[in-house]
Structures are given as structure tokens and as C-alpha cells.
Amino acid sequence: MTKNSFTILGSAAGLPRPDRINSGYVLDLGGRLIQFDCGGGVPSAFRRVGFDPLAVERIIISHGHPDHVCDLPLFVQMLYLLGREELLVIHLPAELMEPIQNLFRVMYLFPEKLDWIEFASIDEKSPIEVNGATIRPIPNSHLKNEINEKYISENGLTNRMECYSYLIETDGKKIIYSADLGSEKDLFNHLAGIDFLVVESMHIDIGSLFEAADANEVRRIVLTHFDENFDAHAVMTLAEKAGVKNLFFGSDGLRLEF
Ligand SMILES: [Zn+2]
């Protein structure tokens, strides 16, 4: 039997890079796939690593920043052109439900025509149960800041500053996909017994994350979402200081088996 895996399709931070694409991850549960986030370049990368697009059963989005969601319409177009007929559930933060469906219409991907798509609003109280896995949304503080608040209130916008990390439990294993965080502290209540902690490493105090991960006996930490100034050497020094031994650096196409 093939092992379950979590593959990093894109390991760049928000600024598009010549050498890495933006955020996208694939959870492979015995050949049945769940796509997390869909930043720039993800549909091509998905095919490049050899996944079957028609095997995707869910798409789960963390938040509305372009580097996590801009290629969602293209991903859907890929499935349409490949003759998709089976149900595809797209899980979105509530604040994106109406805007994304409107965007699909503007792009002639009429949800009424693509009747194999179902949109579902993410609710922290309702874990997503799929293929024997439980995927728990963990709200984080990435988008909760005064600048966002100011623009939202001044312009009467519907944004709710929603961003989710995800705790995946399957076959006795626990994996966290952090997505962007507001602070490493967003994860502190969820670190116990984690086998793979996949963390988008911008916007956090990495040393503080390492200390918490070590105290909670996290088995493996995988950092990703790198800008061009990322200093791997400095980060390895922080890991040593915190006693973290199993640290990995994300790269496009890196497959984590569990
Ligand atoms: Zn973001």
C-alpha cells in the first residue's frame, strides 16, 4: 500500500520568485487527494509532480491573500478541461464564499454550469471528515491587524480577517499545516503529539516556535514559505539552541511521507 503523504508544491512567500512558486500543498491519502491553497503556479506544479487532477476530492483554502488563492479559478478550469464530473468540494473561509463565486462567474466558470462543484464555508466547530481523515480548522491571527481593520471599517467592507491553520489527523498521525500565521503563538495550544509541523515561516518568531515545538515533542518541523532574504544558517542556529533536531526546509515538490 502506498504511504500517505503531504507534498509541498510551492515554497515561496508572497513575493513571486524566479525559483519557487507560491503556496500549494497536496494531502495524498492512498491516492485520494486534498489540495490545500492554490497560489500562483500551483496547477502546473500539481501536474509536474505527477498527481492526477481528477483524483482531487477537496480544495481547502486558508485565507484570501493572492499567494494562497489566486490560481483557484485556473485549478478549476484544469479540472473542467479534463472532463471532471465527480463532486469537488471547495472549502472557503466564510468571507470568501460570495466573492469567489462571483469571481468564478466573471471568469465564465459559472458555478451553475460546473454543477459538480460544491462550496462549503469553513467553520472551526465543524471538522472536515474525508477519506478517514479529520481536518480541523484552527483560526489564526494572520489577517487581524489595525491596518486591515482601518480599511475595512472606513470602506464598510465585508472582510472578516479570517485565516485558518489546519490540524490533519489520519491513521494515528497528526500533521499541522499552519498557512500564514499572525504569530507562532497561534499554534501553541495544538502542538502536542504532532508528527509533521509544516509552518509558513514569515511573520513569526522562529526561535520561539522551536522552543514550543521542542517542549511539546513535535517529531518533525518543516519550514516553508521563504522570501529571498531567508537565512537558513541563522535558523539552524536557532534550532540548535532550542534542541530541535528534526528540522527540514521546504522546497517545491518535497514529499513528506507519514
Ligand atoms: Zn497571507
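That block above? That's the structure.
Presented here is an overview of the structure given in this document. (Residues numbered from 1 in each chain as written. Predicted model: local features only at pLDDT ≥ 70, side-chain atom pairs only at ≥ 80, totals over all residues. Heavy atoms only, no water.)

Section: the sheet that holds strand E10 (residues 173–177)
Right, on to step 1. Taking strand neighbours across the sheet as the criterion, the 7 strands line up as E7-E8-E9-E10-E11-E12-E13 in an open arrangement whose pairing is mixed. The strands lining the two open edges of the sheet, one partner per strand, are strand E7 (128–130) and strand E13 (247–249). Taken over all neighbouring pairs, the strand axes of this sheet differ in orientation by 20° on average, direction set aside.
Right, on to step 2. Bridging between E10 and strand E11 (residues 196–200) involves 3 bridges; their strand directions are parallel. Across the sheet, the residue bridging to Ile 176 is Leu 197, located in E11.
Right, on to step 3. Each of E11, strand E12 (220–224) and E13 is contacted by helix H6 (residues 206–215), which is oriented at about 160° to E12, the strand it contacts most. (Pairing = 2+ DSSP bridges. Helix = DSSP H or I, 4+ residues; strand = E, 2+ residues; numbered from the N terminus. Axes fitted to C-alpha atoms, helices over the stretch in contact; angles between N-to-C directions. Contact = heavy atoms within 4.5 Å.)

Side note on the coordination of the zinc ion
Right, on to step 1. Every protein donor of the zinc ion is accounted for by His 63 (NE2), His 65 (ND1), His 142 (NE2) and Asp 180 (OD), and the metal-donor separations fall at 2.2 to 2.3 Å.
Right, on to step 2. Coordination at the zinc ion is irregular: its 4 donor atoms span angles of 91 to 160° at the metal.
Right, on to step 3. Read from N- to C-terminus, the donor residues coordinating the zinc ion fall into the pattern H-x1-H-x76-H-x37-D. Of this pair, His 63 sits in the loop between strand E4 (56–60) and helix H2 (66–69) while His 142 sits in the loop between strand E8 (133–139) and helix H5 (146–155), and the two are 79 residues apart along the sequence.
Right, on to step 4. The buried category is assigned to His 142, whose relative accessible area is 10%. (Donors = N, O, S within 2.8 Å, 3.2 Å for Na, K, Ca; no water. Tetrahedral: all angles 85-135°; square planar, octahedral: opposite > 155°, others 65-115°. Buried < 20%, exposed > 50% of the residue type's maximum accessible area, 1.4 Å probe, protein only.)

Things to note about helix H7 (residues 232–242)
Think of an α-helix as 3.6 residues a turn; residues three or four steps apart then line up on the same face.
Right, on to step 1. Among all positions in H7, only Val 235, Ala 239 and Ala 242 are buried. Buried residues of H7 fall within an arc of 70° about the axis and therefore sit on the same side. Across H7 from its buried face, at more than 90 degrees, point the exposed residues His 233, Glu 240 and Lys 241.
Right, on to step 2. For H7, the secondary structure elements touched by its buried residues are H6, E12 and E13.
Right, on to step 3. Regarding H7, its N-cap is Asp 231, as a side-chain oxygen of that residue lies 3.2 Å from the backbone nitrogen of His 233 further along.
Right, on to step 4. Within two residues after H7, Gly 243 carries a phi angle of roughly 80°, on the positive side. (Arc of directions from axis to C-beta. Polar contact = N/O pair within 3.5 Å; in protein donor to acceptor, adjacent residues only side chain to side chain.)

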